[in-house]
Amino acid sequence: MSCSNVCKLCDRIVISEAVTFTGGNLVINLPAGSYGNGCKYCIVVAQTIPAATTITAPVFITIGDGTELYPLNNRRCAQTLACSIRTRTRYSTCVSTSGTGGSFRLLGNACCGPDNSLAAIDGTAPVAEGGA
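This one's a predicted model, so the numbers in the text were calculated from it and none came from an experiment.

Draft legend 1. Representation of the sheet that holds strand β7 (residues 89-97) within the structure. With mixed pairing, eight strands are arranged side by side in an open sheet as β1-β4-β7-β8-β6-β5-β3-β2. Pairing within the sheet leaves two strands with one partner each, and these edge strands are β1 (13-15) and β2 (18-22). For this sheet, the mean angle separating the axes of adjacent strands, direction not counted, is 35°. Pairing of strand β3 (residues 25-30) with strand β5 (residues 59-63) involves five bridges; the strand directions are parallel. The partner of Asn29 across the bridge, within β5, is Thr62.

Draft legend 2. Structural view of the environment of Glu17. On the secondary structure map, Glu17 appears in the loop between β1 and β2. Sequence separation of Glu17 and Ile63 is 46 residues, and the distance between their C-alpha atoms is 9.4 Å. When residues no more than four places from it in sequence are discounted, the contact partners of Glu17 are Asn29, Leu30, Pro31 and Gln47.

The rules behind the values
Residues numbered from 1 in each chain as written. Predicted model: local features only at pLDDT ≥ 70, side-chain atom pairs only at ≥ 80, totals over all residues. Heavy atoms only, no water. Pairing = 2+ DSSP bridges. Helix = DSSP H or I, 4+ residues; strand = E, 2+ residues; numbered from the N terminus. Axes fitted to C-alpha atoms, helices over the stretch in contact; angles between N-to-C directions. Contact = heavy atoms within 4.5 Å.

Geometry only, nothing functional implied.
See the structure below:
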């Protein structure tokens, strides 16, 4: 099998312009433009994730010079956390809009991140491991 020296990129590939950690959020900035409801976009996180980013930081997307934060949700519609995002990685997403905003939803699984979910809930406060 040979590798072609020239490949056409998908028309819907979007390469991030910046990645920042601000206000406790990991923010991926995409090029200015209009991202259509129900449309698929392949987002490439091109910049290094800032070293100060906490693993539990929620991930948001901004567009161009806009200040609106659009959540990046996982395929089950829960907020994606910074521990699941990698530099130089492509993420297939679908845009979902509402009357007041929108979000980007991952179409597949993100990178493995810690799952801090409780095994069950029973009406009492959880006790931290190693706690009293």
